[in-house]
Structures are given as C-alpha cells and as structure tokens.
Protein chains: 4
Amino acid sequence: MAEVMGNTGSVAGHVGQMLSTHPMAGKGADAKLLRCIEACLDCSSTCVSCADACLSEKEVQKLVACIRLNQDCANICDVTAKVLTRQSMPDADVVRSIVQACLTACRKCAAECSKHASMMEHCRVCAEACNACAKACEGVLAAA
Amino acid sequence: MAEVMGNTGSVAGHVGQMLSTHPMAGKGADAKLLRCIEACLDCSSTCVSCADACLSEKEVQKLVACIRLNQDCANICDVTAKVLTRQSMPDADVVRSIVQACLTACRKCAAECSKHASMMEHCRVCAEACNACAKACEGVLAAA
Amino acid sequence: MAEVMGNTGSVAGHVGQMLSTHPMAGKGADAKLLRCIEACLDCSSTCVSCADACLSEKEVQKLVACIRLNQDCANICDVTAKVLTRQSMPDADVVRSIVQACLTACRKCAAECSKHASMMEHCRVCAEACNACAKACEGVLAAA
Amino acid sequence: MAEVMGNTGSVAGHVGQMLSTHPMAGKGADAKLLRCIEACLDCSSTCVSCADACLSEKEVQKLVACIRLNQDCANICDVTAKVLTRQSMPDADVVRSIVQACLTACRKCAAECSKHASMMEHCRVCAEACNACAKACEGVLAAA
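Residues numbered from 1 in each chain as written. Chains lettered and ligands numbered in written order. Predicted model: local features only at pLDDT ≥ 70, side-chain atom pairs only at ≥ 80, totals over all residues. Heavy atoms only, no water.

### Notes on the interface of chain D and chain A
Across the boundary between the two partners, chain D contributes 42 residues, which contact 42 residues of chain A. Of the roughly 3,600 Å² buried where chain D meets chain A, counting both sides, 64% is carbon and sulfur surface. Run the count over chain D and chain A and you get two salt bridges. One salt bridge connects Lys82 of chain A with Asp78 of chain D, and the closest N-O pair in it is separated by 3.2 Å. Counting across the chain D and chain A interface gives 14 residue pairs in polar contact (both at pLDDT 80 or more). In terms of residue count, helix α3 (residues 31-55) of chain D provides more of the side of chain D that touches chain A than any other element does, eleven residues in total. Taken together, the residues of the side of chain D that touches chain A break down into 17 nonpolar, 14 polar and eleven charged. (Contact = heavy atoms within 4.5 Å. Buried area = accessible area lost by both parts, 1.4 Å probe. Salt bridge = Lys/Arg side-chain N within 4 Å of Asp/Glu carboxyl O. Polar contact = N/O pair within 3.5 Å; in protein donor to acceptor, adjacent residues only side chain to side chain. Helix = DSSP H or I, 4+ residues; strand = E, 2+ residues; numbered from the N terminus. Nonpolar A, V, L, I, M, F, W, Y, C, P; charged D, E, K, R; others polar.)

In structure tokens:
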C-alpha cells in the first residue's frame, strides 16, 4: 500500500500518516480501520456526487429513492469516517453502532444504485463505492 | 424575538411547519418523529458547545473522554436529524440503524457528562439534552 | 427571553444556556451571536426539508436550481452555526468569512425559493427562514 | 487495491470518475476543480485527526487555539468539497464565497499548525494539507 499512500497527496495518504503520528497510536495504524476510513470518505463523496448527477437526469422522478439513499448514505459515511478517525478514548459501543448503521446504509444504497447501473454510469460507480465501503465496515465489525 | 421564531418560540417551529407542507405528508407530522428531530438538533448543538466549553476548562486533560463523546454524539445527532427530516421514500432499515446509533451515543455521552455535572454547569445541561434525545430516539424506535 | 428559552426543549433554549456556562463567557451571551446561531440552525434544517419536499413534487425538473441552493445553504448554515457556537479562541477572519458565505447562500436561496412561494408552501417557509438567517448574519457582520 | 481505486491509486479516483459521468459534464472534469475537491477532502479529514491528536497530547492546554482552528477548518473544508462536487446548476456567488472562506480557514490553520510542526509530527502533516488546500482554493478562485 506504500506506493498508494506515499507522496501522491491522496486522502488516503494523509489519513494513514495522521493515524501513525497520534500520541495514542501503537506500532502502526490498524489496516482494517484505515481501509474503512478511506472507504467511508470515498463513499461519502461518491454518494454526494451520485445524488447530484441523478438530479440532473431527465427522468429524475424515477430516481427519487436513489437520491434519497445517496443522501442518507453520504451523511452516515461522513460521520462514520470522523468517528473512526478519532483515536482519543473511543467508546466501543458508539463505534460499533455507527459502523453498523454505515454498513446498513451502504448495502441499501448499493442495491438501489445497482438497479440503474446499466443505464447510468454514475450509479454503477456509486454501487461499487458503496459495496467497497460495506465490505470495509464488515472488516471493522469482525475485528471489534 | 417573536417574529423570528413564529408562534412556537422555538427553532423547532419551522421543522414542524416544513414537515406538514411536504407533498408526501399525511394529515400531520408524526409527533414522535418531530420530537426526535427537535431533540437531535438540540443535542447536536449542545454537544458542540460542551466539547468547546470543556476545551477551555483548566483541567482539560481530565475531560478528554467527555470531549470525545461530545464530538461523536454531536456528529451522530446531526446526521440523525437529517435522515429523520427527509420524508421522500425513507428506507426503514437505514432509519432504524441510525436512530439506534444515536440512542447509543446519547446514552454514553449523558453518562459521561453526568460525572462532571456537579462541577461544570455545561456538562449538566449537556447530560440533560442527551437524556432527552435518548428518550426521543426510544420513542421513534418503539413506534417503528 | 426566559419564557421562550425556558423548559420548552427548544434548540434555542440549550444554545443560550450553553453559551452562558462557557468558561470564557462574559456577563452573558451576545444577543446578536445567539440570534445568528439560532437562525443558522433553523435555516439549515429548513433547507434540508425544502430540498426533500421539492424532490417529491411532481414537477421536480423545474426545481433543480432550488434543490441545489437548498443543499448548499443547508450545509453552509450548518457549519456557520458550529463555528459561531465555539467560544474557545475564535479567529476573527475565519468567523467573518464563513458568516459572509452564509449571508450569500441565504440571500440566493431566499431569492430562488421566493419564486415558487405562491405555489409551494415549503418554499414560502424556507424563503422566510433564509431571509431571517441573512438578517442575523448581517447583524453579526455589522458588530464584528 | 488497484481495482477499488481506479488508476490514480487515491480516494480521489472516484470523485474524478463521478464528475466525468455527470449528465452536465463537459468534455471532462476541470482539473483545478478536481484538485480542489481532493484537497478539501484530504484537509478536512487531516484536521479532524489533528484536533484529536492534539487532544491526546500532555500539554493540551497549549493547543487550544490549534484544536479550535482544526475544527473550524475541518468543517469548512468538508462543506466546500460538497459544494464543489455538485455540478447541477451551481450559483457562482455561493461557490466563490465558500471557497474564499475555505482559503481563509486553511491559511490560518496552516499558520497555527506550523508553530508546533517541529514538536508534533501531526501538526507538521496538517500544515502541509492545509497549505495544499489553500493553494487549490486559490486555483479555483483565479479560474472563476
């Protein structure tokens, strides 16, 4: 992952660097945690973008459920990234419950976006980001 | 202030008005839902304020767990208010999972703030807001 | 203001209480600041609701500009409320620039919502909330 | 991870893909816009992490101004990324005013973090992220 994370200026790069410089950090940031933070940040911005792209489609009326799930998923991934990024005295129950909500939102949004994936490329990409985030949430929940 | 706030005297006034004007709205906004949205908005801004007040206390080192829970609770209440406010094609599983996460965060933050309530008035008020929000979340979960 | 703020559980109530219990607080929270925080919180949740209500309207295609401005205004009011709520060592330039952005967003969103106010009650209420917030931002900028 | 990230190896990969699939997109996403969205997302999560790392430092009392600016900068970068990501009928004045606020916050936060950069690696990395974001904001403002 080093070459991915290195001096590319990617979101992933600084998150990894930051976690490793935290006064509470152990030998290194947990790989599953880091992957989940990255996936949440990616999924959140992808969902903001998909909601917005759907809004500009001619048949926007047929995409209301998709826009709605995009918005919820964007908001929930956003806060999950923040909760997971903080390393100072985390509460295990709070962490687990928000990751569980994130997993639920990502699965539902992926399922909805997948319905339109063959017609709209933004929904295909968004389903991919949601599925990746759901998988990363499962990784964190399994390890917790 | 009356003219700013409308005839309820609270920020919640506009939320209630808005819910009742939604094209999908039934005879009227559900009272438990409205109470929960109000409580989430109140708890979120109270937690932002409590984290900030703790940060200015002389013995801030002893308040790290409190600040941390305030931040998580603020973020989670914020997104819960947004998810509950939206009335267009909600997904019941997503709604339930975020309200569950909100309930968990509010209970934990209330418990932590209560420890310092006799020493710091901001923690006493914040525990009150968290407890009220936890109760409102229970109301929504019981009805769902 | 006591009866407005008292035991109604309104957002406004706890924000005022919290500001007055902050270790850095002077004799009392500044009235213009408090009014602006309240107006930002109200406007943010009203805009979330208006975007969502527009999305459920039959002629949603004609409301894309309105939804877009609702979303931007909701996000910007939200962060403005947070920045203004924090009392620990504020940076005057940061405060001023975000309140300026909030004023701009509120004016634009009010203007757009006003175009549909006679047809859709949610747009009428939202324009009202945006105008109130713009006025409160002007109050803070004039005092800064 | 290559398949998740696309051919840039960064979270930014999906943002770029999404912008290019938007129904309103021209020949391709504007490079300055994309760079600014990426920089805002990176800076926002880096600031969340820096505030949290500062909170766990022994001499947290000396870091209150830094934590405060980290929080404001995180919130403002977050909303700026959202506003810039949306491509449906943007309002040029709203865009310009939030990018201006973001530039102000990034410059101030970079200056504060730089003071502690030799002592705390997380502040050094955060100053770097803030400076990169400030530069990207300047790029967008110059092009607007």
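### Side note on empty space enclosed by the protein
A complete count under the given rule lists six cavities of 30 Å³ or more for this structure. As a volume, the largest cavity reaches approximately 570 Å³. If you go around the largest cavity, you meet 32 residues; those closest to its centre are Asn75 and Asp78 of chain A, Lys82 of chain B, Asn75 of chain C together with Lys82 of chain D. A class-by-class count of the residues in the lining of the largest cavity yields twelve nonpolar, eight polar and twelve charged. Space inside the second largest cavity adds up to approximately 240 Å³. In this structure, the second largest cavity is lined by 17 residues; those nearest its centre are Arg86 of chain A, Gln71 of chain B, Arg86 of chain C together with Gln71 and Asn75 of chain D. (1 Å grid on protein atoms, 1.4 Å probe; cavity = no way out; pocket = protein on both sides within 12 Å on 5 of 7 lines; lining within 4 Å. Points joined across faces, edges and corners; volume = space filled by probe spheres on them.)

### Observations regarding the state of the cysteines
Residue and element names in this part refer to chain A. Applying the stated criterion across every chain, the model contains zero disulfides over all chains. Cysteine Cys40 remains unbridged, with the sulfur of Cys133 as its closest cysteine sulfur at 3.8 Å. Judged by its relative accessible area of 0%, Cys40 is buried. Here Cys106 is not cross-linked by a disulfide; its sulfur's nearest cysteine counterpart is in Cys133, at 3.7 Å. (Disulfide = S-S within 2.5 Å. Buried < 20%, exposed > 50% of the residue type's maximum accessible area, 1.4 Å probe, protein only.)

### Observations concerning the relation of the copies chain B and chain C
Mapping chain B onto chain C calls for a rotation angle of 180° and an axial translation of 0.0 Å; the resulting RMSD is 0.0 Å. The transformation just described matches what one would write down for a two-fold rotation axis. When you check the interface residues of chain B against chain C, 100% turn up at the interface there too, and the contact is symmetric in its surfaces. (Least-squares fit on C-alpha atoms with pLDDT ≥ 70 in both.)

### What to know about the confidence of the model for chain A
Detailed conclusions should not be drawn from predicted coordinates in areas where pLDDT is low. All names here are of chain A. In the predicted model, chain A carries a mean pLDDT of 90, and 88% of its residues have values of at least 70. Across residues 1-11 the pLDDT falls below 50, and counting only partners more than four positions away or on other chains, this stretch makes 20 contacts in the model. Predicted complex metrics record ipTM = 0.91 and pTM = 0.93. (pLDDT = per-residue confidence, 0-100.)

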